[in-house]
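# Structure at a glance
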Amino acid sequence: MTHKIAVLPGDGIGPEIVEQASRVMTALGLDLVLETAQVGGRAYDLHGHPLPPETLELAKASDAILFGAVGDWKYDALPRELRPEQALLGLRKSLGLFANLRPAILYPQLADASTLKPEVVSGLDILIVRELTGDIYFGQPRGVREATEGPFKGERQGFDTMHYAESEVRRIAHVAFEAAQKRQKRLCSVDKANVLETSQFWRDIVIEVAKEYPDVELSHMYVDNAAMQLVRAPKAFDVIVTGNMFGDILSDAAAMLTGSIGMLPSASLNERNQGMYEPSHGSAPDIAGQNIANPLATILSAAMLLRYSLNRADAADRVEAAVQAVLEQGLRTPDILSEGTTQVSTSEMGDAVLKALK
């Protein structure tokens, strides 16, 4: 069966790292059709919009999307609706990509690359399940208005709305519980139920869903405590499920436990397991074009694409084993370089993974 993959490199280092992941996918010998389109700032420069209609249509018609990164400081002065990041939000919303899976795994070869003590992070293997299409990022109404009450009445006031519907909470909870069943059967739901009505509602629904998964141990934690525990005792977590805003923050914090955000892949799935796969890091325009960016997070994102959207766990295992082999050889891009290892470029790291695949 032929699978169509939309390749959206984006801005900054996006084209460099996506190129390496595309090479790896092509080398697997699967029946894949990779079709490239512009997104983000580059799309704005060419088409006047960060998510042109032809790019969105390609994404909708594909089995999966391999995404690089979007964003550059030179676009910061644009109206919000035309900034590169709106492409990412638009794809998530249009495709219904409600479940974001972010594994945070510390490979044994990189134990010294983490800023935390090796005994704290060695053996780390966390999965953060983040709800992706609701919460304060998408809630309406929002904007700037004149305050009509309170101590600042009459002043300009910025406002956003946080809310979740019951079905939104239920579906992300099911994804998290099912993921926990395949791991250590421990799920921690993170909220701020002591302050926010939305969080208390979230907690109540998660508790109801838990009745369908008696084999999974459910716990709850306030987000501020969760942030502290991630750097204090991260191995106490197995699977974390949380809302959009909290997940955005916690997943980046978890990324640094592994030594470099350049090592962390992610998957964003809809109810049909159509997914968008991207590294957890940003576009890093300050190093774009220098051939020094770490492509491993993008290559590992391609492995997640194979596993979740194409049901090719065998191919995903091959890619992940090749990454392990390259790390075992001591090859490192600058972000994970340590004493006794060998620095390589973006393309050289891609070459090494391809060689390990064979």
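Residues numbered from 1 in each chain as written. Predicted model: local features only at pLDDT ≥ 70, side-chain atom pairs only at ≥ 80, totals over all residues. Heavy atoms only, no water.

## Here we look at the overall build of the chain
For the chain, the helix and strand inventory stands at 12 helices and 14 strands. Each of the three principal axes of the chain carries a C-alpha extent, and together these read 65 × 50 × 45 Å. In the chain, which comprises 358 residues, the proportion classed as buried is 53%. Across the chain, every contact between residues at least 6 apart in sequence was considered, and the portion connecting residues at least 24 apart equals 75%. Counting every atom, the chain has about 15,900 Å² of accessible surface; 51% of that belongs to carbon and sulfur. Charge centroids of the chain, computed over 34 positive and 47 negative side chains, lie 2 Å from each other. (Helix = DSSP H or I, 4+ residues; strand = E, 2+ residues; numbered from the N terminus. Buried < 20%, exposed > 50% of the residue type's maximum accessible area, 1.4 Å probe, protein only. Contact = heavy atoms within 4.5 Å. Areas by Shrake-Rupley, 256 points an atom, 1.4 Å probe, with all protein chains shown as cover. Lys, Arg positive; Asp, Glu negative; His and termini not counted. Charge placed at Lys NZ, Arg CZ, Asp CG, Glu CD.)

## A look at the packing of aromatic side chains
The description of two aromatic rings rests on the distance between their centres and on the angle between their planes. Counted according to the given criterion, the structure contains 3 aromatic pairs. Here tyrosine 164 and tryptophan 202 contribute two aromatic rings whose centre-to-centre distance is 5.3 Å and whose plane-to-plane angle is 55°, an arrangement assigned as tilted. A residue pair is termed long-range when its members are at least 10 positions apart, and tyrosine 164 in the loop between β7 (156-159) and α6 (166-181) and tryptophan 202 in helix α7 (residues 197-210) qualify at 38 residues. Taken individually, tyrosine 164 and tryptophan 202 each receive the classification buried, so the pair is uniform in this respect. Residues phenylalanine 177 and tyrosine 213 carry aromatic rings whose centres are separated by 4.9 Å and whose planes lie at 5° to one another, so their mutual orientation is stacked. (Phe/Tyr/Trp six-rings, centres within 6.5 Å; stacked < 30°, edge-to-face > 60°.)

## Observations regarding the side chain of aspartate 11
Within the element layout of this structure, aspartate 11 appears in the loop between β1 (3-10) and α1 (14-27). Buried aspartate 11, no salt bridge; nearest opposite-charge side chain is arginine 42, N-O distance 4.4 Å. Once residues within four sequence positions are removed from consideration, aspartate 11 is found in contact with Val39, Gly40, Gly41, Arg42, Ala69, Val70, Gly71, Pro84 and Ser283. (Salt bridge = Lys/Arg side-chain N within 4 Å of Asp/Glu carboxyl O.)

## Some thoughts on the side chain of glutamine 274
Among the secondary structure elements, glutamine 274 is positioned in the loop between β11 (265-269) and β12 (275-279). When its relative accessible area of 6% is taken as the criterion, glutamine 274 is described as buried. A polar atom in the side chain of glutamine 274 sits 2.8 Å from the side chain of arginine 272. Sequence-distant contacts of glutamine 274, defined by excluding residues within four places in its chain, comprise Ala59, Lys60, Ser62, Asp63, Leu95, Leu97, Ser268, Leu269 and Ser309. (Polar contact = N/O pair within 3.5 Å; in protein donor to acceptor, adjacent residues only side chain to side chain.)

## So, unusual backbone geometry
For the peptide bond that leads from glutamine 140 to proline 141, omega is 5°, which places it in the cis range. One non-glycine residue, aspartate 135, lies in the positive phi region at around 75°. Locating aspartate 135 in the fold gives a position in the loop between β5 (125-131) and β6 (143-146). The backbone phi angle of lysine 185 is positive, close to 60°, even though this residue is not glycine. Within the secondary structure layout, lysine 185 lies in the loop between α6 and β8 (186-191).

## Quick word on the packing of α6 against α7
Axis separation between α6 and α7 bottoms out at 9 Å; the angle between their running directions is 50°. One element, α6, and the other, α7, form an angle in the oblique class. In terms of crossing hand, the pair formed by α6 and α7 is right-handed. On α7, the residues touching Glu166, Val169, Arg170, Ile172, Ala173, His174 and Phe177 of α6 are Phe201, Trp202, Ile205, Val206, Glu208, Val209 and Ala210. In terms of residue class, the contact of α6 with α7 is built from 10 nonpolar, 1 polar and 3 charged. (Axes fitted to C-alpha atoms, helices over the stretch in contact; angles between N-to-C directions. Parallel < 35°, antiparallel > 145°, perpendicular 65-115°, else oblique. Left-handed = near helix turned anticlockwise from the far one by under 90°. Nonpolar A, V, L, I, M, F, W, Y, C, P; charged D, E, K, R; others polar.)

## Observations concerning the environment of valine 319
With respect to the element layout, valine 319 can be found in helix α11 (residues 313-328). With a relative accessible area of 1%, valine 319 lands in the buried category. When the C-alpha atoms of valine 319 and alanine 180 are compared, they prove to be 23 Å apart, with 139 residues separating the residues in sequence. Dropping the residues within four chain positions of it, valine 319 is found in contact with Val24, Leu28, Ile299, Ala303, Leu306 and Leu357.

## Concerning the pattern of salt bridges
Applying the stated criterion across every chain, the model contains 16 salt bridges. The salt bridge involving arginine 170 is made with glutamate 208; its shortest N-O contact spans 2.4 Å. Of this pair, arginine 170 sits in helix α6 while glutamate 208 sits in helix α7; the two residues are 38 residues apart in sequence, bridging distant segments of the chain. Judged by relative accessible area, glutamate 208 falls into the partly exposed class, the value being 37%. Because the salt bridges share partners, they merge into one network encompassing Asp125, Arg183 and Asp238.

## Some remarks on helix α8 (residues 223-232)
Along α8, the positions that sit buried rather than exposed are Val223, Ala226, Gln229 and Leu230. All buried residues of α8 fall inside an arc of 115° around its axis, so they share one side. Tucked into the core, α8 has its buried residues touching β5, β8, β9 (217-222), β10 (239-242) and α9 (244-257). (Arc of directions from axis to C-beta.)

## Let's talk about the environment of alanine 293
Locating alanine 293 in the fold gives a position in the loop between β12 and α10 (296-308). Note on alanine 293: relative accessible area 3%, which makes it buried. Note: C-alpha distance between alanine 293 and phenylalanine 67 (226 residues apart in sequence) is 15 Å.

## Considering the sheet that holds strand β4 (residues 99-105)
Taken in spatial order, the 10 strands line up as β2-β1-β3-β12-β11-β4-β5-β10-β8-β9 in an open sheet, and their pairing is mixed. Every interior strand has two partners, whereas the edge strands, β2 (32-36) and β9, have only one. The average angle at which neighbouring strand axes cross in this sheet is 20°, direction not considered. Judged from the 5 bridges that link them, β1 and strand β3 (residues 64-69) form a sheet pairing that is parallel. Its bridge partner lying in β3, alanine 6 is registered against isoleucine 65. Against the sheet, helix α4 (residues 85-95) contacts β1, β3, β5 and β12, and its axis sits at roughly 155° relative to β12. Docked against the sheet, α8 engages β5, β8, β9 and β10, running at close to 105° with respect to β9. (Pairing = 2+ DSSP bridges.)

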